[in-house]
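# Understanding the architecture of this molecule
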Amino acid sequence: MIEKLLIANRGEIAIRIARSAAEAGIASVAVYSEDDANALHIRKTDAAHALKGTGAAAYLDAPQIIAAAKQTGCDAIHPGYGFLSENADFAKACTDAGLIFVGPTAQTLALFGDKAQARAQAKKCGVAVLPGTQGPTSLDDTIQFLRSLGDGGAIMLKALAGGGGHGMRVVRAESELAGAYERCASEARAAFGNGDLYAEQFFAHARH
């Protein structure tokens, strides 16, 4: 059972987690970057711990977050969303440090952090998925996939790692593909440190 929770986030999400923790009788600790010293979320928890650094970088400093949890006597870390919430290495580091990671297991995060593995798992479970390429896909393979869809076919290029719309583009014509492929790969490398792409048949008016 969790007795004391470190909230590794800020703003509204941290306030919501603090409120839920209080309702469950769990003490909470906020963390804050140097430029968030006057933020509202640090006044909504039982205690607050200052992080070194400013902006998002402070909240992405996994070793510092884990050290803060240990220093403040927490037995669990809630990452909220964004920041470290989908980081498999962070989830494993929490477990290795004897802390509860409030979220999916490191294995699950690693699986769904790679869209090729996620698609393969979905198929294995009988979930319908759009036709697409498998694993890191070269430009030549992407061209062949687009051609296989016939006249009027369109694809969505996607980064294999990460999300949030980075490294994604709709391609409706072969003449557009090379440029779109390079831009997507560049965006993916900048955002996730991994420029690998794959392609799916484009599905218009999808609901997330």
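This section reports on the structure supplied with the text. (Residues numbered from 1 in each chain as written. Predicted model: local features only at pLDDT ≥ 70, side-chain atom pairs only at ≥ 80, totals over all residues. Heavy atoms only, no water.)

## Remarks on the pairing of strand E2 (residues 27–32)
Burial within E2 is extensive, with 5 of its 6 residues counted as buried. As paired strands, strand E1 (residues 4–7) and E2 are joined by 4 bridges and run parallel to one another. Residue pairing for E2: Leu5 is matched across the bridge by Ser28. Regarding topology, helix H1 (residues 11–23) serves as the crossover connection from E1 to the parallel E2, and that connection is right-handed. Looking at chain direction, E2 and strand E3 (residues 47–50) are connected through 4 bridges and run parallel. Paired with Tyr32 across the strands is Ala50, a residue of E3. (Buried < 20%, exposed > 50% of the residue type's maximum accessible area, 1.4 Å probe, protein only. Helix = DSSP H or I, 4+ residues; strand = E, 2+ residues; numbered from the N terminus. Pairing = 2+ DSSP bridges. Right-handed = clockwise from strand over helix to strand, strands pointing away.)

## Observations regarding the packing of aromatic side chains
Counting across every chain of the model gives 2 aromatic pairs. Here Tyr59 and Phe83 contribute two aromatic rings whose centre-to-centre distance is 5.3 Å and whose plane-to-plane angle is 20°, an arrangement assigned as stacked. With Tyr59 in helix H2 (residues 55–59) and Phe83 in the loop between strand E4 (76–78) and helix H4 (88–96), this residue pair connects regions lying 24 residues apart in the sequence. Ring centres of Phe90 and Phe101 lie 5.9 Å apart, and the angle between their planes is 80°; on these two criteria the pair is classed as edge-to-face. Here Phe90, found in helix H4, pairs with Phe101, found in strand E5 (residues 100–101); they are 11 residues apart in sequence, far enough to count as distant. Note on accessibility: Phe90 and Phe101 belong to one class, buried. (Phe/Tyr/Trp six-rings, centres within 6.5 Å; stacked < 30°, edge-to-face > 60°.)

## Some details on the packing of helix H5 (residues 106–113) against helix H6 (residues 115–124)
The description of two helices packed together rests on the angle between their axes and the distance between the axes. Close contact between H5 and H6 brings their axes to 5 Å; oriented N to C, the two are set at 100°. By the criterion of interaxial angle, the relationship of H5 to H6 is roughly perpendicular. Contacts between H5 and H6 pair Ala110, Leu111, Phe112 and Gly113 from the former with Lys115, Gln117, Ala118 and Gln121 from the latter. The residue makeup of the contact of H5 with H6, split by class, is 4 nonpolar, 3 polar and 1 charged. (Axes fitted to C-alpha atoms, helices over the stretch in contact; angles between N-to-C directions. Parallel < 35°, antiparallel > 145°, perpendicular 65-115°, else oblique. Contact = heavy atoms within 4.5 Å. Nonpolar A, V, L, I, M, F, W, Y, C, P; charged D, E, K, R; others polar.)

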